[in-house]
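# Secondary and tertiary structure notes
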Protein chains: 2
Amino acid sequence: MTSSHHTLDDLDRRLLALFAARPRLGVLEASRQLKVARGTVQARLDRLTAAGVITGWGPEISPEALGYGVTAFVSLEIDQALRQRITAHLERIPQVLECWTVTGNGDLWCRLVARSNADLQDVINVLVADPGILRTSTVIGLSTEIAMRTQPLVQHREPRR
Amino acid sequence: MTSSHHTLDDLDRRLLALFAARPRLGVLEASRQLKVARGTVQARLDRLTAAGVITGWGPEISPEALGYGVTAFVSLEIDQALRQRITAHLERIPQVLECWTVTGNGDLWCRLVARSNADLQDVINVLVADPGILRTSTVIGLSTEIAMRTQPLVQHREPRR
DNA sequence: CGGGCAGGTGGACAACCTGACCACCTGCCC
DNA sequence: GGGCAGGTGGTCAGGTTGTCCACCTGCCCG
């Protein structure tokens, strides 16, 4: 959006790669592996966090391991005047993992999970209960070809500007 | 998919909520806040990890903070015979953050990021360079209504089965 | 040119946490 | 009644953290 973004240097990239590979590493151990002073690692981490590059260290949860083996992507065509209320409605549905407003006919785009295809139908029923939702179209995720990743981006060096 | 999934009990839920809120917490501090023995927290964490519920503790990176302020979702219609080669091609593009095979006309579904709309065009050009890609349709993410989340799912108690 | 400043280094400290044990208790299934 | 998984408190040595410090370097700026 704005151009005020953080530019990574080489050490940042190595740091992020290291912590991505072994996240529970302590600062001291990391400094040893990167061959820099401990304070440096600490300062880099603080700066990356302050800049918003690192947004968290939370445990990543696998919905699949919890029994939610079905993922679906739903496009919603909605009554624009009611968007706020609709997103509030979606927020209240735990199976809605993500939601964007997007360009195109589908005004809203969501990621859902469910325990089975039958369960998915139930979830969608809950979802479309809001009368502000005019039309939906669902595609089901069959297999993950590339799992959510950011490392390639982090390691990527923009050739020119 | 398979029904062999881990069922969370109340302590698991509280544990996950706590670590989601303050991930860098030590095991000892967590045990104090949850009012259980340290060994218990340790054991739970180990079990959740072994069960695949917790898949990692990696730092979460914000592409936006790195200057990739534009997100787009692309549906690709492809020559099925070439799917393997195509996904390999996509894997090599850092701006492709995620990719699924899905039902429907769009055989492949990807999430992209780019530095700007103009940059997005460049990324898409790289993407469609593979002749196995027959048709694409792109929608641009305008705003995040619900950011990727799993906590509601974790805290959710299935009413009945 | 010299000053100021951000950022790196290596070292020091006490306080604290971790991993690995242990003995023991409880609830539950067979 | 036995066996077992899982919880509880406790101990221990060793490693790690947060916080200082003095000092060095490169760089921008008047």
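These remarks concern the structure in this document. All values derive from a computational prediction rather than experimental measurement.

## Comments concerning the overall build of chain A
- Broken down by element type, chain A carries 6 helices and 6 strands.
- When its helices and strands are written in sequence order, chain A yields α-α-α-β-β-β-α-β-β-α-β-α.
- The C-alpha radius of gyration computed for chain A amounts to 21 Å, which surpasses the reference 15 Å derived for 161 residues by more than 25%, pointing to a less compact arrangement than a globule.
- Taking the principal axes of its C-alpha atoms as reference, chain A extends roughly 60 × 35 × 30 Å.
- Counting every position in chain A, which comprises 161 residues, the buried fraction comes to 31%.
- Long-range contacts, defined here as pairs at least 24 residues apart, represent 62% of the contacts in chain A between residues at least 6 apart.

## Thoughts on the interface of chain A and chain B
- Chain A puts 61 residues into the contact, and the matching count from chain B is 61 residues.
- For the side of chain A that touches chain B, the secondary-structure elements that each account for two or more residues are α1 (10-21), β1 (54-56), β2 (60-61), α4 (83-91), β4 (96-102), β5 (108-114), β6 (133-146) and α6 (151-155) of chain A.
- Per element, the largest residue contribution to the side of chain A that touches chain B is 8 residues, and it comes from β6(A).
- Taken together, the residues of the side of chain A that touches chain B sort by class into 35 nonpolar, 20 polar and 6 charged.

## Some details on the relation of the copies chain A and chain B
- Between chain A and chain B, which share one sequence, the superposing operator has a rotation angle of 180° and an axial displacement of 0.0 Å; the RMSD is 0.1 Å. Expressed as a symmetry operation, the mapping of one chain copy onto the other fits a two-fold axis. Residues of chain A ranked by C-alpha distance from the rotation axis are headed by W57(A), positioned 2.9 Å from it.
- A shared interface surface links the copies, since 100% of the contact residues of chain A are contact residues in chain B too.

## Things to note about the sheet that holds strand β3 (residues 70-78) of chain A
- Taken in spatial order, the 8 strands of this closed barrel run β3(A)-β5(A)-β4(A)-β6(B)-β3(B)-β5(B)-β4(B)-β6(A), and their pairing is antiparallel. With strand direction ignored, the average angle separating the axes of adjacent strands in the sheet is 35°.
- Strand direction decides the pairing type here: β4(A) and β5(A), joined by 5 bridges, are antiparallel. Its bridge partner lying in β5(A), W100(A) is registered against W109(A).
- Along the sheet, α4(A) makes contact with β3, β4, β5 and β6 of chain A together with β6 (133-146) of chain B, crossing β6(B) at roughly 90°.
- Each of β3, β5 and β6 of chain A touches helix α5 (residues 117-127) of chain A; the most contacted strand, β5(A), lies at about 135° to it.

Rules behind the numbers
Residue numbering note: each chain is counted from 1, following its sequence as written. Here every chain gets a letter starting at A, and every ligand a number starting at 1, in the order they are written. Where totals are concerned, whole chains, interfaces and linings use all residues; where local detail is concerned, this predicted model gives features only for residues with pLDDT of at least 70, and gives and counts side-chain atom pairs only at 80 or more. Each helix is a run of H or I in the DSSP string that is no shorter than four residues. Each strand is a run of E no shorter than two, and both are numbered from the N terminus. Note that the radius of gyration is over C-alpha atoms, with the globule rule given as 2.2 Å times the number of residues to the power 0.38. Burial in this document is a count-based property: other C-beta atoms within 10 Å of a residue's C-beta are tallied, and the residue is buried at 20 or more, exposed at 12 or fewer, or partly exposed in between, with C-beta positions derived from the backbone. We call two residues in contact when their backbone-placed C-beta atoms lie within 7 Å. Think of it as three bins: nonpolar holds Ala, Val, Leu, Ile, Met, Phe, Trp, Tyr, Cys and Pro, charged holds Asp, Glu, Lys and Arg, and polar takes everything else, Gly as well. Residues reaching a pLDDT of at least 70 in both copies supply the C-alpha atoms on which the copies are superposed by least squares. Strands qualify as paired when DSSP identifies two bridges or more between them. Lines fitted to C-alpha atoms define the axes here, with helix axes fitted over just the stretch in contact, and angles between the N-to-C directions of these axes take values from 0 to 180 degrees.

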